[in-house]
Amino acid sequence: MSASSALDGESTHVYSREYAVSLDTQDTLKQTRDQFLIPSKAQLKAKSLPEVGKDTRTFLSFYANASSDASIYLCGNSLGLQPRLVSTRMQQYFTTWATQGVFGHFKPLAESPLPTWLDADTRASECIAPIVGALPSEVAVMETLTANLHLLLSAFYKPDINGRHKIIIESQAFPSDHFAAESQVLHHDLSPEASLITIEAASQPQPPLSTSHVLSVIKEHGPTTAIILLPGIQFYTGQFLDIPTITAAAHQAGIFVIWDLAHAVGNVPLQLHDWNVDAAVWCSYKYLNAGPGAAGGLFVHENNGQVTTRGSGKKIFTNRLSGWWGSDKSSRFAMDNKFVPIPGAAGFQLSNPSILDITSLTASLEIFALAGGIAPLRTKSLKLTSHLEKLLLNMPALKEGLFEIITPKEPESRGAQLSLKLKEGLLDRVMEGLEERGVVVDERRPDVIRVAPAPLYNTFTDCWDFVDAFGEALGDALRK
């Protein structure tokens with residue numbers, strides 16, 4: 001990057017790679033990068049598994065010395081990298097299964113960091129609760145995001161066509177959220193045209209949704225709305241919505257609030273309990289680094305997950321789609337076909353959870369704890385994304401109109417991600433150029449590149465190297 005291209009009033013030094021390296025040297029969380037397996041550029045170009053590594057020992061030892069050839073991986077918003085600890089914890093799980101069989105459900109082993117399988121879901125709840133700002137009883141690691149969303153809607157969406165029957169979503173909602181909401185409306189024999197309200201952006205192409213605009217839609221449709229479903233962070237623009245303000249306004253209008261936290265969990269500070277969020281769902285393979293398709297998570301505020309007893313002894317609780325793992329643990333194996341839900345989110349569980357998934361997730365959450373939790377990670381993330389933004393704003397290509405940043409410029413209104421909208425027709429060629437240079441980001445058609453420096457393993461140097469490669473890829477794209 002040319003030093004002469006520095007913004008007016010800025011020292012050219014802050015745009016140099018040397019400056020980025022100096023920021024990495026000062027980083028108090030730099031040790032967490034070593035906890036992750038970062039693919040090398042050569043490995044990303046490999047066409048076969050044997051080409052990547054002939055055996056596991058060689059494969060992992062290669063990573064330990066591959067920093068000079070490490071890829072520039074800025075795609076944690078899509079799939080987080082594998083923590084080194086995962087393979088260790090997985091092997092401990094495999095050893096338990098191999099040597100204990102069915103006794104692994106109940107028999108604790110001395111000097112094992114793993115819980116019994118019967119208690120694995122409880123351990124997972126305890127680990128994830130601080131990440132989302134919840135009580136352990138309010139969260140469950142289970143199912144997948146969309147399955148959990150359907151479970152929540154089946155319990156809390158009770159439409160009355162003569163009263164509250166609408167679900168409010170954003171017009172650019174992630175397709176699975178839209179499909180879930182629409183199918184729930186249809187499941188109740190209602191019309192999406194009348195019962196599914198979409199918050200349209202004030203102008204196109206889609207800008208960030210202003211909080212005032214969301215509140216105006218809530219005010220307009222409040223008396224006839226049953227549910228509002230919004231993303232904590234919008235997947236396309238990277239906007240961090242004002243969860244507490246929107247939640248409070250919805251409650252004032254009598255609306256039950258569900259948040260999709262797929263891009264927010266592990267990325268930004270959340271206080272779901274204190275914000276009085278009714279319910280939320282998330283996946284665990286993005287910033288939580290649990291692996292592709294790993295089990296998701298569900299939050300149900302303690303006010304909505306209570307189990308009480310009438311004088312007659314009858315249990316009173318919100319009806320839901322039920323399964324045996326959600327039933328009271330003390331009577332779960334009585335096989336008496338009497339469903340008494342565990343109070344809180346655990347009562348929404350269906351089947352016994354995947355121990356593979358929970359083992360992977362909790363291994364990653366050990367690294368979050370090592371880093372000191374979300375607060376210090378957010379501090380680093382703000383610095384990383386700000387530095388990335390500064391470098392992008394200094395690019396001649398920006399001034400030439402080859403791209404624009406569509407993510408909010410206010411740090412408090414975004415997470416790690418910056419979304420870059422390219423000039424029409426450049427996306428495929430730019431992505432090809434980035435891939436050739438060992439840069440991993442993702443795209444959202446027709447013309448957006450999403451770049452997400454994750455504070456657990458990304459560096460200021462990664463940001464500089466991306467911008468350098470991005471400039472070269474833009475140049476190549478224009479010449480083709």
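For the structure itself, look to the data block above.
Positions within a chain are numbered from 1, following the residues in the order the chain's sequence is written. Two thresholds apply to this predicted model, a pLDDT of at least 70 for residue-level local features and 80 or more for giving and counting side-chain atom pairs, whereas whole-chain, interface and lining totals are computed over all residues. With hydrogens and water set aside, each side-chain value is computed from the structure's full complement of heavy atoms.

**A word on the overall build of the protein**
In this text, helices come from DSSP runs of H or I with a minimum length of four residues, and strands from runs of E with a minimum of two, each type numbered from the N-terminal end. Along the backbone of the protein there are 16 helices and 17 strands. In summary, the protein has a C-alpha radius of gyration of 24 Å against a globular reference of 23 Å for 480 residues, a match within 12%. Along the three orthogonal principal directions, the C-alpha set of the protein runs to about 80 × 60 × 35 Å. For every residue, the accessible area obtained with a 1.4 Å probe (protein chains only) is divided by the maximum for its type, and the residue is called buried under 20%, exposed over 50%, and partly exposed between those limits. In the protein, buried positions account for 53% of the 480 residues. Accessible areas in this description were obtained via Shrake-Rupley with a 1.4 Å probe; residue shielding takes into account the shown protein chains only. Surface summary for the protein: the accessible area is close to 21,100 Å², and the carbon and sulfur share equals 54%. None of His or the chain ends enter the tally, which takes Lys and Arg as positive and Asp and Glu as negative. Throughout, a charge is located at the NZ atom of Lys, the CZ atom of Arg, the CG atom of Asp or the CD atom of Glu. Each charge sign in the protein was given a centre, from 40 positive and 50 negative side chains, and these centres are 3 Å apart. This radius of gyration counts C-alpha atoms alone. The globule rule is 2.2 Å times how many residues there are, raised to the power 0.38.

**Here's the deal with the sheet that holds strand S7 (residues 225-231)**
For two strands to count as paired, DSSP must find a minimum of two bridges between them. Spatially, the seven strands line up as an open sheet ordered S4-S10-S9-S8-S7-S5-S6, and their pairing is mixed. Every other strand in the sheet has two partners, leaving strand S4 (139-141) and strand S6 (196-199) as the edge strands with one partner each. The sheet shows a mean angle of 15° between the axes of neighbouring strands, direction not considered. Here strand S5 (residues 166-170) pairs with S6 via four bridges, running parallel. In the sheet register, Ile167 faces S6, and the bridge partner there is Leu196. What makes two residues a contact is simply this: any of their non-hydrogen atoms within 4.5 Å. For helices, the axis comes from a line fit to the C-alpha atoms of the stretch in contact; other axes are also lines fit to C-alpha atoms, and the angle between any two N-to-C directions lies between 0 and 180 degrees. Each of S5, S6, S7 and strand S8 (256-260) touches helix H8 (residues 175-187); the most contacted strand, S5, lies at about 165° to it.

**Topic: the pattern of salt bridges**
By definition, a salt bridge exists where a carboxyl oxygen of Asp or Glu is found within 4 Å of a side-chain nitrogen of Lys or Arg. Taken as a whole and assessed by the stated rule, the structure comprises 14 salt bridges. Notably, a salt bridge pairs Lys409 with Glu410, separated by 3.6 Å at the nearest N-O pair. Several salt bridges converge on common partners, so that one network encompasses Arg437, Glu472, Asp476 and Arg479.

**Structural notes on the packing of helix H10 (residues 211-221) against helix H11 (residues 243-252)**
Two elements in contact, H10 and H11, have axes whose closest approach is 10 Å; the angle formed by their N-to-C orientations is 15°. When the axis of H10 is compared with that of H11, the two are roughly parallel. Crossing of H10 against H11: the hand is right-handed. Residues Thr211, Val214, Leu215 and Ile218 of H10 touch H11, and the partners they reach there are Thr245, Ile246, Ala249 and Ala250. Broken down by class, the residue content of the contact of H10 with H11 amounts to six nonpolar, two polar and no charged. Any angle from 65 to 115 degrees is called roughly perpendicular, while one under 35 is roughly parallel, one over 145 is roughly antiparallel, and all others are oblique. Should the near helix be turned counterclockwise from the far one by less than a right angle, the crossing is left-handed, whereas a clockwise turn marks it as right-handed. The residue classification treats Ala, Val, Leu, Ile, Met, Phe, Trp, Tyr, Cys and Pro as nonpolar and Asp, Glu, Lys and Arg as charged. All others, Gly included, are polar.

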